[in-house]
Amino acid sequence: MMSSERNEQVVIDTHYTTVHTLGKQDEPKRLRYMQKDGRFPVVFQKSPGDWSPYLMDIFTTLVEIRWRVMFLIFFLSYILSWLFFGLCYWLIAHVNGDIHNPDNSPCVENVRGFTGAFMFSMETQATIGYGFRGMTENCIVAIMVVTVQDIFSCLLDTIVIGIVIAKMASARKRAQTVGFSSCAVVNLRDGVLCLSWRLGDLRGNHILEGVARAQVVRYVKQPKGSIVMSYQDLDIQNRDIVLATPATIIHKLEPGSPLYSLGPEDLLEDNFELVVSFTYTGDSTGMLHQTRTSYSPADIHWGQRFQEMLKVGKKRYKVDYALFNVTTWVPVPLLSAEEFDRGRRPAEGGRSHSSHFPSVMRNGHISQVNCDVTEEVMEQTCL
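Report follows, based on the coordinates. Here the structure is a predicted model, which is why all the values come from computation and not from measurement.

**Points about the pattern of salt bridges**
- If you walk through the whole model with that rule in mind, you get four salt bridges.
- Here Arg-218 ties to Asp-270 by a salt bridge, and the two come within 2.9 Å at their closest N and O atoms. In this pair, Arg-218 is assigned in strand β6 (residues 207–221) and Asp-270 in the loop between α8 (264–269) and β10 (273–282), connecting sequence segments 52 residues apart.
- Here Asp-270 falls in the partly exposed class, since its relative accessible area comes to 23%.
- The residue Glu-338 makes a salt bridge to Arg-342 at a minimum N-O spacing of 3.5 Å. Residue Glu-338 and its partner Arg-342 are located together in helix α9 (residues 337–348), separated by four residues, close to a single helical turn.
- A relative accessible area of 44% places Arg-342 in the partly exposed class.

As structure tokens, then:
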């Protein structure tokens, strides 16, 4: 009898493997709401030449630009300021007659041309102070220009250094070391069909606290070509997480869940996206970070569970991240959670024990699925 049930489980898993593979091949390629790395493929169209939103929040704009543009701005900000103030000193020297009359009392010592004026500007702003060139008391205008340059230098250093540090300490950098599994799985937990995905921290310094969230995002096309986005939150068990070890995020497919009526074949035909996120505070910096990703219907594997990756050693816990995306096949009925619950209700009214197991049509015959068998059939890695 056990051999017969086991053969039935293998047939079911093989059947779903074929359906799942065909579904991936036949699924038309569509634009995702969110990329796997958490980026949104959204382009904002604005009126030509309207840069006011970027200029009003100039600090955020500079933090978000690419590093090569940031380095270009870094170099140009100093070089152009040296040239500007050097030109000011050259004009002062020219008006005072320092360039053409070597015996004249100069405004700035040893500034007799534009090269000397540029060198004095650079030495003043960079506080190098070689001692060869220096300000005199002869020109109040030159003293005022030096004062303005000193104040501007402090302001420029503060802005540039602050932007560079903000870019280096960006929350997105920390988010790259906290990741989700490349796929989600559907299996039985305590007799209930559950959707789950894995979350892990790849760094040694752990996270103080974090909150996991999940949404089902669908878009509906309107007759005129526009689309309307709809968002449905998923209830998650143990939403608050201390991520010292990898955690499995679980959503029960119960009444009220937007996925409650979807079976494995319906899942592949449906058009939605599961957007998941984890917002947390790092213990090294105390900054708030967020890691996010999304799962399309093809990324949700029915009848699989994640391989165990946590072991207990003599003095510490051991986590094998090579198994982070590895899943194993487990016996799961090819039914939606709604059909599965409907098949279990007669058993609660006093029927035989065999009615606990929902029926599945295979090859013209009705066979019952034993949901208590936990033997693993095969192992694979999420792609």
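**Digging into the nonpolar core**
- If you look at the biggest cluster of nonpolar residues, it comprises 36 residues, and the most contacted ones within it are Leu-195, Trp-197, Leu-274 and Phe-278.
- Listed by contribution, the elements that provide at least two residues to this core are β3 (178–180), β4 (184–189), β5 (192–201), β6, β9 (247–252), β10, β12 (300–302) and α9.
- Not counting residues up to four positions away in its chain, the partners in contact with Phe-278 are Val-178, Phe-180, Leu-199, Ile-207, Gly-210, Val-211, Ala-212, Ile-241, Leu-243, His-289, Gln-290 and Thr-291.

**So, helix α6 (residues 140–168)**
- If you check α6, its first and last C-alpha atoms are 42 Å apart, about what 29 residues at 1.5 Å a residue would give, namely 42 Å.
- Inspection of α6 places Ala-142, Val-145, Val-146, Gln-149, Ser-153, Leu-156, Val-160, Ile-163 and Lys-167 among the buried residues, and these make up the whole buried set.

**Comments concerning a positive patch on the surface**
- Taken together, the side chains of Lys-311, Lys-314, Lys-315, Arg-316 and Lys-318 make up a positively charged region of the molecular surface.
- Structurally, the position occupied by Lys-318 is in strand β15 (residues 317–319).

**Comments concerning a nonpolar patch on the surface**
- Together, Phe-71, Leu-72, Phe-75, Leu-76, Ile-79, Leu-80, Leu-83, Leu-87, Leu-91 and Phe-114 give the surface a local cluster of nonpolar side chains, amounting to about 890 Å² of exposed area.
- The leading source of residues in the nonpolar patch is helix α4 (residues 67–96), at nine residues.
- Structurally, Leu-87 is set in helix α4.

**Thoughts on empty space enclosed by the protein**
- Within this structure, the stated rule accounts for two cavities of 30 Å³ or more.
- Considered as a void within the structure, the largest cavity measures approximately 50 Å³ in volume.
- Lining the largest cavity are Tyr-89, Ile-92, Ala-93, Asp-98, Cys-107, Val-108 and Val-111.
- Ranked by residues supplied to the lining of the largest cavity, first place goes to α4 with three residues.
- Its residues assigned to classes, the lining of the largest cavity shows six nonpolar, no polar and one charged.
- Its boundaries defined by the atoms lining it, the second largest cavity holds a volume of some 40 Å³.
- Residue lining of the second largest cavity: Val-186, Leu-195, Leu-253, Leu-259, Leu-262, Leu-267, Ile-300 and Trp-302, and that is the complete set.
- Residue composition of the lining of the second largest cavity, by class: eight nonpolar, no polar and no charged.

**Remarks on the side chain of Thr-293**
- Structurally, the position occupied by Thr-293 is in strand β11 (residues 288–295).
- Setting aside residues up to four positions removed in sequence, Thr-293 forms contacts with Met-34, Gln-35, Lys-36, Phe-180, Leu-274, Val-275 and Val-276.

**Some words on the packing of helix α5 (residues 114–125) against α6**
- Contact geometry for α5 and α6: axes closest at 9 Å, N-to-C directions at 50°. Taken together, α5 and α6 sit at an angle that is classed as oblique. Once α5 is placed against α6, the crossing between them reads as right-handed. Contacts between α5 and α6 pair Phe-120, Ser-121, Thr-124 and Gln-125 from the former with Val-146, Gln-149, Asp-150, Phe-152, Ser-153 and Leu-156 from the latter.

**Remarks on α5**
- Here α5 contains twelve residues, and its C-alpha end-to-end distance of 16 Å stays within 8% of the 16 Å for a straight helix at 1.5 Å per residue.
- Those residues of α5 not exposed but buried are Gly-116, Ala-117, Phe-120, Ser-121, Met-122, Glu-123, Thr-124 and Gln-125.
- Check the buried side of α5 and you find it contacts α4, β1 (108–109), β2 (134–135) and α6.
- After α5 finishes, the residue Thr-127 shows a positive phi value of roughly 50°.

**Quick look at the packing of aromatic side chains**
- Scanning the entire structure with this criterion turns up ten aromatic pairs.
- Ring centres of Phe-84 and Phe-85 lie 5.2 Å apart, and the angle between their planes is 80°; this geometry places the pair in the edge-to-face category.
- An aromatic cluster is built from Phe-74, Phe-75, Tyr-78 and Trp-82, whose rings are joined through pairwise contacts.

**Structural notes on the side chain of Arg-218**
- For Arg-218, a relative accessible area of 17% translates into the label buried.
- One polar contact links Arg-218 to Gln-232, side chain to side chain, over a distance of 3.2 Å.
- Within the structure, Arg-218 has its side chain in polar contact with the side chain of Asp-270 (distance 2.9 Å).

Rules used in this analysis
Residues numbered from 1 in each chain as written. Predicted model: local features only at pLDDT ≥ 70, side-chain atom pairs only at ≥ 80, totals over all residues. Heavy atoms only, no water. Salt bridge = Lys/Arg side-chain N within 4 Å of Asp/Glu carboxyl O. Helix = DSSP H or I, 4+ residues; strand = E, 2+ residues; numbered from the N terminus. Buried < 20%, exposed > 50% of the residue type's maximum accessible area, 1.4 Å probe, protein only. Core = buried A, V, L, I, M, F, W, Y, C linked by side-chain atoms within 4.5 Å. Contact = heavy atoms within 4.5 Å. Expected span 1.5 Å × (residues − 1). Patch = residues over 30% accessible without salt bridge, like charges linked within 9 Å, V, L, I, M, F, W, Y side chains within 5 Å. Areas by Shrake-Rupley, 256 points an atom, 1.4 Å probe, with all protein chains shown as cover. Lys, Arg positive; Asp, Glu negative; His and termini not counted. Charge placed at Lys NZ, Arg CZ, Asp CG, Glu CD. 1 Å grid on protein atoms, 1.4 Å probe; cavity = no way out; pocket = protein on both sides within 12 Å on 5 of 7 lines; lining within 4 Å. Points joined across faces, edges and corners; volume = space filled by probe spheres on them. Nonpolar A, V, L, I, M, F, W, Y, C, P; charged D, E, K, R; others polar. Axes fitted to C-alpha atoms, helices over the stretch in contact; angles between N-to-C directions. Parallel < 35°, antiparallel > 145°, perpendicular 65-115°, else oblique. Left-handed = near helix turned anticlockwise from the far one by under 90°. Phe/Tyr/Trp six-rings, centres within 6.5 Å; stacked < 30°, edge-to-face > 60°. Polar contact = N/O pair within 3.5 Å; in protein donor to acceptor, adjacent residues only side chain to side chain.

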